[in-house]
Amino acid sequence: MRRHAAGLVARVASARVRLDYSVASLRVVDFLVEGLRKGSAGVGPERVLFGLGAYVGEVLVRRAGAVWVDFDETQRAYFRQDVGVRMPDGRVWNPLGRVRNRYEVGPEESLATFYLTLPGRRGGRVPR
């Protein structure tokens, strides 16, 4: 997933959008998703949403102490995704699904707010 996040960062950098894996950058992701919502009539933005979900997950890894995990069968059925993140307190979250919710529902599903209200996070950890 880290590779997918890095690919997205490189793609948006070519459009002069800077994503630096900071918590504040999640506001930029909200902005990007909102742009997709407004401009994608008839266009399937699946690849971009997947990359944004990988990026949000990587922010959780780098800033909140999460780790990427493969979901078990029950979790895959519940989240409708194969991967997610496990927080330091053991809870699992689905960043790919959160980005999809932001796209489908709108600003009330803010990714920046999601991070700030996320239980079980630990601040400041950046993996080697």
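Not measured: the values here are computed from a predicted model.

Visitor: Whenever I open this one, the sheet that holds strand S2 (residues 83–86) confuses me. Can you help?
Guide: The strands making up a sheet are joined through hydrogen bonds of the backbone, oriented either antiparallel or parallel. Read across the sheet, 3 strands follow the order S1-S2-S3 without closing on themselves; strand pairing throughout is antiparallel. Two strands in the sheet have a free side with no partner beyond their single neighbour: strand S1 (67–70) and strand S3 (92–93). Across 4 bridges, the pairing between S1 and S2 is antiparallel. Looking at S2, one finds that Val67 is bridged to Arg86.

Visitor: Help me out: how do you make sense of helix H1 (residues 2–13) in this one?
Guide: Because each turn of an α-helix spans 3.6 residues, side chains separated by three or four positions end up pointing in the same direction. With 12 residues, H1 should cover 16 Å at 1.5 Å per step; its first-to-last C-alpha distance of 16 Å lies within 8% of that length. Among the residues of H1, Ala5, Leu8, Val9 and Val12 are the ones counted as buried. Taken around the axis of H1, the buried residues stretch over an arc of 100°, which confines them to a single face. The inward-facing, buried residues of H1 abut helix H2 (25–39) and helix H3 (46–64).

Visitor: When you look at the nonpolar core in this model, what are you seeing that I'm missing?
Guide: A general tendency of soluble globular proteins is for nonpolar side chains to be buried together. Ranked by internal contacts, the top residues of the largest apolar core, which has 30 residues, are Leu19, Val29, Leu52, Tyr55 and Leu60. At the level of secondary structure, the elements contributing two or more residues to this core comprise H1, H2, H3, helix H5 (95–105) and helix H6 (111–116). The leading source of residues in this core is H3, at 9 residues. With residues near it in sequence (within four places) discarded, Leu19 still touches Leu8, Val9, Val12, Ser25, Val28, Val29, Leu32 and Tyr55.

Visitor: Hey, could you run me through the packing of H3 against H5 in this one?
Guide: How two helices pack is summed up by the angle between their axes together with the distance between the axes. The geometry of H3 relative to H5 is characterised by a closest axis approach of 7 Å and an angle of 125° between their N-to-C directions. Relative to H5, the element H3 is oriented oblique. The two elements H3 and H5 meet at a crossing, and its hand is right-handed. Of the residues in H5, those touching H3 at Glu46, Leu49, Phe50, Leu52, Gly53, Ala54, Val56 and Gly57 are Pro95, Leu96, Val99, Arg100 and Tyr103. Split into classes, the residues belonging to the contact of H3 with H5 amount to 9 nonpolar, 2 polar and 2 charged.

So, how was this worked out
- Residues numbered from 1 in each chain as written.
- Predicted model: local features only at pLDDT ≥ 70, side-chain atom pairs only at ≥ 80, totals over all residues.
- Heavy atoms only, no water.
- Pairing = 2+ DSSP bridges.
- Helix = DSSP H or I, 4+ residues; strand = E, 2+ residues; numbered from the N terminus.
- Expected span 1.5 Å × (residues − 1).
- Buried < 20%, exposed > 50% of the residue type's maximum accessible area, 1.4 Å probe, protein only.
- Arc of directions from axis to C-beta.
- Contact = heavy atoms within 4.5 Å.
- Core = buried A, V, L, I, M, F, W, Y, C linked by side-chain atoms within 4.5 Å.
- Axes fitted to C-alpha atoms, helices over the stretch in contact; angles between N-to-C directions.
- Parallel < 35°, antiparallel > 145°, perpendicular 65-115°, else oblique.
- Left-handed = near helix turned anticlockwise from the far one by under 90°.
- Nonpolar A, V, L, I, M, F, W, Y, C, P; charged D, E, K, R; others polar.

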